[in-house]
Every structure is written in structure tokens, then in C-alpha cells.
Amino acid sequence: MLLRRSSLVTLMSLGCLVGCAHVPDAAPRMAMELPAAPVARPPVEAPSVASVGAAGALGVKAEAPPPLAFVMPEGSAGLAALLEADPHPVPEEAGVIAAALEAAALFTGPTQGAGAFWDELLPPSKLARGIVARAAQLVGARRLDRSVPNDCSGLVRLAYLQAGIDLVAHGFLAGENAVTGIFRRAQAANAVHRLNPRPGDLAFFKETYDRNRDGKRNDGMTHIAVVESVAPDGTVTFIHRGGKGVARSRMNLARPTVHKLNSGALLNDFIRPASKGMRAYLAGELFVAFASPGGL
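About the thresholds
Residues numbered from 1 in each chain as written. Predicted model: local features only at pLDDT ≥ 70, side-chain atom pairs only at ≥ 80, totals over all residues. Heavy atoms only, no water. Helix = DSSP H or I, 4+ residues; strand = E, 2+ residues; numbered from the N terminus. Contact = heavy atoms within 4.5 Å. Areas by Shrake-Rupley, 256 points an atom, 1.4 Å probe, with all protein chains shown as cover. Buried < 20%, exposed > 50% of the residue type's maximum accessible area, 1.4 Å probe, protein only. Axes fitted to C-alpha atoms, helices over the stretch in contact; angles between N-to-C directions. Parallel < 35°, antiparallel > 145°, perpendicular 65-115°, else oblique. Left-handed = near helix turned anticlockwise from the far one by under 90°. Nonpolar A, V, L, I, M, F, W, Y, C, P; charged D, E, K, R; others polar. Pairing = 2+ DSSP bridges.

Draft legend 1. Main features of the overall build of the protein chain. Scanning the protein chain from terminus to terminus reveals 8 helices and 8 strands. Contacts spanning at least 24 positions in sequence make up 56% of the contacts within the protein chain whose residues lie at least 6 apart. Summed over all atoms, the accessible surface of the protein chain reaches about 18300 Å², with 58% contributed by carbon and sulfur.

Now the structure itself:
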């Protein structure tokens with residue numbers, strides 16, 4: 001309940017701060033000629049009881065304030081759209097937006113991993129855009145650069161190297177695979193989360209194949225991908241190196257066991273094919289966690 005109230009107060013603060021970004025100047029005074037002779041004015045009636053109150057002691061209706069030139073979009077997505085539409089606001093707008101974010105920090109604290117207040121307000125960072133752009137360049141490739149393994153870990157390593165991040169610089173522990181090693185690094189950096197994925201995030205999956213070939217689902221984390229985008233309904237599009245090369249797939253964690261809707265909209269792709277004695281599995285079923293690139 002406290003979190004909801006803080007979020008409400010935060011949004012109210014943002015509305016007040018950003019809504020005052022551009023108040024139009026007072027209407028220009030119109031030149032008027034003085035009449036040749038005084039004009040008789042009708043007598044002023046005494047205010048009635050009904051007119052006294054919110055309208056003022058004199059019973060004169062207050063004129064509505066002039067409309068604001070800038071209207072705060074509804075919700076955090078509205079501000080994100082604003083920033084996307086004009087990534088280089090004029091100094092006055094930039095100052096108001098900065099003040100709004102500073103005020104929000106009083107209630108939410110600084111950014112700490114995905115799902116934080118800023119992640120919902122701001123468009124993807126330059127760091128994240130670089131990661132996504134590199135991963136997207138590799139879609140359709142059957143083989144990766146020889147500097148990395150030709151597998152899912154090799155893809156994410158190439159994407160993150162574009163941003164200057166070596167995901168395996170920390171080394172590996174005995175017996176762990178690359179996916180587990182990268183996940184361990186993300187945990188140490190406090191970058192792991194399960195909510196509010198952002199473009200450029202890593203996505204971890206478990207049991208996507210029988211790694212130890214014992215016919216059981218006991219292989220732990222076996223697959224990794226890069227989040228490319230998130231649709232309004234929560235469907236995540238991610239880029240990964242699968243059995244047929246680098247491709248895009250989808251995942252919807254609100255409906256992890258649904259492949260397609262009756263309308264034909266695809267929510268979850270299959271990322272583990274059916275095998276002897278075992279059915280096929282959807283991405284949402286095998287999802288483990290996300291990790292933000294900022295702290296890696």
C-alpha cells in the first residue's frame with residue numbers, strides 16, 4: 001500500500017512539475033479608444049447569498065485560466081513518448097523534466113536495476129541501443145565471429161562487446177557453462193530482475209535442451225538472449241542463437257503457457273522442441289530472469 005501511495009504521489013508531482021512547462025504569456029492588451037463621454041454603467045446589484053462562496057465574496061465568477069500549451073501525457077508511458085518524440089528538448093523543457101525526475105527521486109530513490117522508476121520513464125539508453133543494434137545485425141546469421149563460440153553465449157557476447165562490456169571477463173568456475181557464468185556475474189552486480197524488461201537486457205532460460213543427455217530436465221540454465229523490444233501487452237521480442245541460427249522469438253510472461261491467441265497473435269515461441277517422452281516447451285515456461293546491462 002505504501003508503494004502504491006508513493007507511486008501516486010510521484011505521478012502527481014510529475015504532473016504538476018511538467019504541466020507547468022509552458023504557460024502561455026498573458027493575452028496582449030488590445031488598444032482601446034476612450035469614449036468621448038463617460039458611459040453610464042448599470043447599478044451593481046448586491047451579491048446574493050447563493051453567489052457568495054467559492055465564486056468569491058462579491059459573487060463574481062472567476063474566469064477560467066488560459067489553457068496550458070503543454071499537456072502532460074497520461075502515465076509514465078506518455079512521458080517516454082514525449083522524450084522519444086523530442087530527444088533534445090529546449091532548455092526550458094529540459095529543466096522541467098530534470099526537476100520532475102529529481103522530485104520523483106525523493107519518493108523512489110535512485111535507479112537500481114531494471115523495474116526502477118527511471119526504467120519506466122526514459123527511452124532505452126545509448127548503451128542499450130548499441131547492444132540491440134548489434135544483435136539485430138546478426139539476425140539470420142548461421143555462424144558467428146570466430147572470436148566467440150557459435151552458440152547463444154557467443155551472440156550475447158558479441159552484442160555486449162559493441163557496448164564495451166565483456167560478459168566473460170570474470171572467468172568461469174569449474175563445471176559451469178557460459179550461461180551460468182554470465183548469470184553469476186549479473187547476480188554479483190545486482191543486475192538480475194524478473195519484472196519490467198528493457199531493450200538491451202539479457203534474458204536467461206533453463207532446460208532448453210538436455211545438456212547432460214540423461215533424458216531429464218535437470219540441466220539448469222542453458223540459454224541466453226538479448227531483449228530487443230517490449231510490446232504494450234508485455235510480449236517481449238528477444239534475439240538469440242538457436243538451432244537454426246540467430247533469430248527473433250517472442251515471450252509473454254503474463255501468459256507463459258499460451259502459444260497463440262484465438263486471434264492468431266503469437267505470445268510465446270517454442271524454444272525446446274519435443275523429444276522422446278517429452279513435449280515441446282514455450283519460452284515463457286522456461287524463462288528464469290532478466291539482467292540489466294548498466295551494472296555489468
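Draft legend 2. Helix α7 (residues 178-188), seen in detail. Residues V179, G181, I182, F183, R185 and A186 constitute the buried set of α7. As for α7, its buried residues are in contact with α6 (152-161), β1 (192-193), β2 (202-206), β3 (221-230) and β8 (287-291). In the segment just after α7, N190 is the residue with positive phi, at about 60°.

Draft legend 3. Broad picture of the packing of helix α5 (residues 126-137) against α6. Axis separation between α5 and α6 bottoms out at 7 Å; the angle between their running directions is 135°. The orientation of α5 relative to α6 falls into the category oblique. Our pair here, α5 against α6, has a crossing hand that is right-handed. Residue-level contacts link I131, R134 and A135 of α5 to L158, A159 and Y160 of α6. For the contact of α5 with α6, the per-class residue count stands at 5 nonpolar, no polar and 1 charged.

Draft legend 4. Highlighting the sheet that holds β3. The 6 strands lie next to each other as β1-β8-β2-β3-β4-β5, forming an open sheet whose pairing is antiparallel. Two strands lie at the open edges of the sheet, namely β1 and β5 (245-251), each paired on one side alone. In this sheet, β8 lies alongside β1 in antiparallel orientation, the contact comprising 2 bridges. Paired with H193 across the bridge in β8 is F290.

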